[in-house]
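Take a look at the letters that make up each chain.
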Amino acid sequence: TDIQVSETLETVQQEETKRRSRTSSSSSSSTIQPEELETVEGLKNLGNIKFAAGDYVKAIALYDQALHQDPKNATLYSNRSAANFKLGNLGLAMEDAEKTIDLNPTWSKGYWRKANVQMSVEKYADAIETLDKGLLYNPIDRDLVQARKQAVENLQTLDPQNPNLVSATGQ
């Protein structure tokens, strides 16, 4: 809810103020100035810092706040998808991955995020299909190629008689 997001944002702002007061150098690249917490980029950057620190709940709250200001920002949906995935919120991670694709269908990250969710629930054939769509836009994307290879291997292990294997492996 908006109240929870506001409370979490307030907590994040307080923690950031404490952290800044503990650091001697205010020119640190990860330092977020208070006024930046009012911008989409500042909220995203602090969300990324929280994500990197493993604080996925706060990262999500910050991405939510940024999305209130910029609801068509594919990067924010992608980042929030990643945080939800880390928390095991697979339904929310899938929704955000699909929104990422809707907003920027040529960006491979959305396909990669969606396929990760599909693979985590052993929907390897669906993941291969998702990755193939992403590879149409960027056929040499290393993450997509690697994820597709892993999905094919997992599908072969799970169901060696699956008729999708012929088209999935390209044989």
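Residues numbered from 1 in each chain as written. Predicted model: local features only at pLDDT ≥ 70, side-chain atom pairs only at ≥ 80, totals over all residues. Heavy atoms only, no water.

Student: Even after reading the chapter, I still don't get the pattern of salt bridges, so can you show me in this structure?
Tutor: As a working rule, side chains carrying opposite charge can pair if their charged atoms are close by. Applying the stated criterion across every chain yields a total of seven salt bridges. Residue Asp55 pairs with Lys58 through a salt bridge whose shortest N-O separation is 3.7 Å. Judged by relative accessible area, Asp55 falls into the partly exposed class, the value being 24%. Of the residues examined, Lys58 reaches a relative accessible area of 15% and is grouped as buried. For Glu98, the salt bridge is made with Lys114, and the minimal N-O distance between the two is 3.6 Å. Separated by 16 residues along the polypeptide, Glu98 in helix α5 (residues 90-103) and Lys114 in helix α6 (residues 108-120) bring together distant segments of the chain. You can call Glu98 partly exposed: its relative accessible area is 33%. Residue class for Lys114 comes out buried when judged on its relative accessible area of 17%. Three or more residues joined by partner-sharing salt bridges are found here, namely Asp64, Arg80 and Asp96. (Salt bridge = Lys/Arg side-chain N within 4 Å of Asp/Glu carboxyl O. Buried < 20%, exposed > 50% of the residue type's maximum accessible area, 1.4 Å probe, protein only. Helix = DSSP H or I, 4+ residues; strand = E, 2+ residues; numbered from the N terminus.)

Student: Would you take a moment to explain the packing of helix α4 (residues 74-87) against α6 for this structure?
Tutor: Two measures define how a pair of helices packs: the angle their axes make with one another and the distance between the axes. Direction vectors running N to C along α4 and α6 enclose 20°, while the axes themselves pass 10 Å from each other. If you check the angle between α4 and α6, you find them roughly parallel. For α4 against α6, the interelement crossing comes out left-handed. Here α4 contributes Ser78, Ser81, Ala82 and Phe85 to the contact with α6, which in turn contributes Lys109, Arg113, Asn116, Val117 and Ser120. (Axes fitted to C-alpha atoms, helices over the stretch in contact; angles between N-to-C directions. Parallel < 35°, antiparallel > 145°, perpendicular 65-115°, else oblique. Left-handed = near helix turned anticlockwise from the far one by under 90°. Contact = heavy atoms within 4.5 Å.)

Student: Sorry, what's going on with the packing of aromatic side chains here?
Tutor: The geometry of two aromatic rings is summed up by the distance between their centres and the angle between their planes. Applying the stated criterion across every chain yields a total of two aromatic pairs. Considering the side-chain rings of Phe51 and Tyr56, the 5.1 Å spacing of their centres and the 65° angle between planes classify their relative orientation as edge-to-face. (Phe/Tyr/Trp six-rings, centres within 6.5 Å; stacked < 30°, edge-to-face > 60°.)

Student: Can you walk me through the confidence of the model for the protein in this structure?
Tutor: Mean pLDDT over the protein stands at 85; residues scoring 70 or higher make up 73%. The model gives residues 23-29 a pLDDT under 50, and that stretch makes three contacts with residues more than four places away or in other chains. (pLDDT = per-residue confidence, 0-100.)

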